[in-house]
Amino acid sequence: MYGASYVRGRGHDVRLIDGNLKSFSREKIIRNIKSFHPDWLVCPTGWKSLDTDIEFIKQVKEHVTDVKACLSGPNVTLSPDLVLYPGSAIDLVILGEIEGGLRGLMDGNPEDNCSYLDHKGDIKRGKRTLIEDLDGIPFPARDLICNECYTLPFAPRNPVTSMLISRGCPHSKCRFCNGNTYALGAYRCRSADNILAEIDEVVNRFKIPGINFRDQCFSGNQDLVENICREIINRSWDITWRASTRVDCVDKDLLELMARAGCHQISFGFETDDQEVLDAIGKGITVTQARKAASWAKKAGMEISGGLMLSLPGEKPDAHLRLLKYAKQLKIDYPQFQLTCVMPGAQLHDETQPVTKSRYADDCPFILNPNTDSEKLMLRKLSTLYLRFYFRPGYIINRLKKIKSGSQLRQTTITAFKILGYPFLYNK
């Protein structure tokens, strides 16, 4: 939506086709593209979807022969050679943030945040730059999508839209994180006035009652968040929202203010209860900070979603049992137990030896550092964590008590079946 609004703001016609959300067939998407007959097709891609994305674009070009194709995503940003080669269906790759690459595309200047093949068939990589003035970027083009179709499991109100108040992370030192693929280590924030103007549009123009703030660290600038929350309260906006942040970027007063402004759920990256491991992966937090942040959030009335990582370098053999105990102690509502994904672009990707490519993957080539455990055993431990946490009778009863509508019941049931399926997925 950011890309679409940026293109439209430069005077071009644009269409968004959210084929996944609407379960469109490949043929239906191609018919949509053919009817619009664009000059350029810009497609986001991920690690696991790359091959099928390229295959799809080849099909599009069979029906719209003069369209040019551009890919954006972390994989092609890091390695444009994955898709740029003589005879490829891909004409251009956007490097990093979408707006910078689109600027180069529209201006006919591929040296601007793009990568391409020159007349000799050699890959040319343009200069990476970041947009410093985030207020200058038009609001996402929500009018081009089906806003009612976007929902979140366990959200008190749907539909939900996504927002960003910042780009990058103020820490940017976690050795397992590849967030700098886009941000290049920089942390930038929008102004409070600009953010509030977008919330006003969400509430009053689009009538969307829920917001999912997708910042890497929502409260990296605590003064900014305080100003936003006070204005949400002053303007009596009837919204609920969730956000993700770091445990060292909140305090008791801030969390209470966020809750009063409608924040119903906060997500923290707890990762592990082992301080030595936290230090080794460059997380920059303490277990004490994690416990305080969780306690403050609970007292403020928020639900907690928490990231907990298994198979971290240097962890102890009983790490999975300690994670289960830690999640209960912190009173996390929705723990996300994950095997450590050492993604390309992260410091650990080049440092971790030995590595094993695993079939446990959603959207990237998973690289597992199993230490002394086999991959199969690690996956079994992971499935055990999900079963032993989410299928406790007390937990199920508490979740059922919070269901207030048929749609919430449906979302909860779907999510429960997905969690129940994890042990079968991991032990194939």
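See the structure shown above.
So, here is what we can say about the structure in this document. Residue indices follow the written sequence of each chain, beginning from 1 at its first position. Note on the predicted model: pLDDT of at least 70 is required for a residue's local features to be given, and 80 or more for side-chain atom pairs to be given and counted; whole-chain, interface and lining totals, by contrast, use all residues. The side-chain quantities take in all heavy atoms of the structure and omit both hydrogens and water.

### Description of the side chain of His264
So, step 1. You can see His264 is positioned in strand E11 (residues 263-271).
So, step 2. In what follows, residue pairs with any heavy atoms lying within 4.5 Å of each other are defined as contacts. Those residues within four positions of His264 in sequence are excluded, and the remaining contacts are Ala155, Pro156, Thr240, Trp241, Arg242, Met302 and Glu303. Each helix is a run of DSSP H or I of at least 4 residues and each strand a run of E of at least 2, with the numbering of both proceeding from the N terminus.

### Concerning empty space enclosed by the protein
Empty space among the atoms becomes visible once a probe the size of a water molecule is rolled across them.
So, step 1. Think of a 1 Å grid over just the protein atoms. A cavity is a set of points where a 1.4 Å probe fits yet cannot get out, a pocket is an open set with protein on both sides within 12 Å along at least five of seven lines, and lining residues have an atom within 4 Å of a point. Grid points are joined across faces, edges and corners, and a volume is the space filled by probe spheres set on the points. All chains considered together, the criterion is met by 3 cavities of 30 Å³ or more.
So, step 2. Each pocket or cavity is described by its volume, and for the largest cavity that value is around 60 Å³.
So, step 3. Forming the boundary of the largest cavity are Tyr2, Leu134, Ile137, Pro138, Phe139, Pro140, Leu164, Ser166, Arg167, Arg190, Asn194 and Glu198.
So, step 4. Sorting the residues of the lining of the largest cavity by element identifies strand E7 (166-167) and helix H7 (192-205) as the ones contributing at least two each.

### Regarding the state of the cysteines
So, step 1. Cysteine sulfur atoms are paired as a disulfide whenever they fall within 2.5 Å. Under the definition given, this model contains 1 disulfide.
So, step 2. Note on cysteine connectivity: Cys146 is disulfide-linked to Cys149, with sulfurs 2.3 Å apart. Sign of the S-S torsion, about 70° for the bond between Cys146 and Cys149, identifies this disulfide as right-handed.
So, step 3. Classification of residues uses two cut-offs on accessible area relative to the type maximum, computed with a 1.4 Å probe and protein chains only: under 20% is buried, over 50% is exposed, and between them is partly exposed. Judged by relative accessible area, Cys146 falls into the buried class, the value being 18%.
So, step 4. Cysteine Cys70 remains unbridged, with the sulfur of Cys114 as its closest cysteine sulfur at 6.3 Å.
So, step 5. A relative accessible area of 0% places Cys70 in the buried class.
So, step 6. Lacking any disulfide linkage, Cys249 is separated from the closest cysteine sulfur, that of Cys217, by 3.8 Å.

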